Amino acid sequence: MKTWTLRFRAVDKKNFEELRSGIKAVETRAASVKYQPIEKGDVLIFVCDKDKFSKIITKKTHFKSIDAMLKKISFKKIMPNLKSVAEVKKAYYSYPNYKEKIQTFGILAFELKNYSK
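A. Molecular detail of the pattern of salt bridges. This structure, assessed with the given rule, holds nine salt bridges. One salt bridge in this structure joins Glu17 and Lys13, with 3.6 Å as the shortest N-O distance. Separated by four residues within a single helix, Glu17 and Lys13 lie in helix α1 (residues 13-21), roughly one turn from each other. Classification of Glu17 as partly exposed rests on a relative accessible area of 30%.

Okay, structure coming up:
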């Protein structure tokens, strides 16, 4: 088991809080080289400003595209505050270079549960 730190920008604090509360059950990242080594059973430490919490990965899935991912995982588990697939794609493409990164590397979905040592 390894521990990884995933950072949230202050502007994404809402996503951070949804993840902490469990409303958001799946964290996704573009499957760039940085995130590929993360595996099921690893612990993710989420950080936003000085705030942080941990979750453990129960399942890791690599998808070729957002569409492929959304066929398997409800977008409500990924972005619970959004209302449609179109809104979800717009949100992903609003992150710096995400459209290109997902086209190149695909996208990783980490299904999570609370972690206590």
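What follows picks up the thread again.
B. Region of the structure containing the pairing of strand β5 (residues 107-114). Two strands pair when backbone bridges link them, and strand β2 (residues 26-30) and β5 are joined in this way by five bridges, in the antiparallel orientation. When the bridges of β5 are listed, Thr28 appears paired with Ala109. In terms of strand pairing, strand β4 (residues 51-63) meets β5 through eight bridges, oriented antiparallel. Within the sheet, the bridge partner assigned to Lys55 lies in β5 and is Asn114.

C. Inspection of α1 at higher detail. For α1, the complete set of buried residues consists of Asn15, Phe16, Glu18 and Leu19. Buried residues of α1, seen end-on, are gathered within an arc of 165 degrees and therefore sit on one face of the element. Buried residues in α1 make contact with β2, β3 (43-48), β4 and β5. A positive backbone phi angle near 95 degrees is found at Gly22, which sits one or two residues after α1.

Definitions and cut-offs
Residues numbered from 1 in each chain as written. Predicted model: local features only at pLDDT ≥ 70, side-chain atom pairs only at ≥ 80, totals over all residues. Heavy atoms only, no water. Salt bridge = Lys/Arg side-chain N within 4 Å of Asp/Glu carboxyl O. Helix = DSSP H or I, 4+ residues; strand = E, 2+ residues; numbered from the N terminus. Buried < 20%, exposed > 50% of the residue type's maximum accessible area, 1.4 Å probe, protein only. Pairing = 2+ DSSP bridges. Arc of directions from axis to C-beta. Contact = heavy atoms within 4.5 Å.

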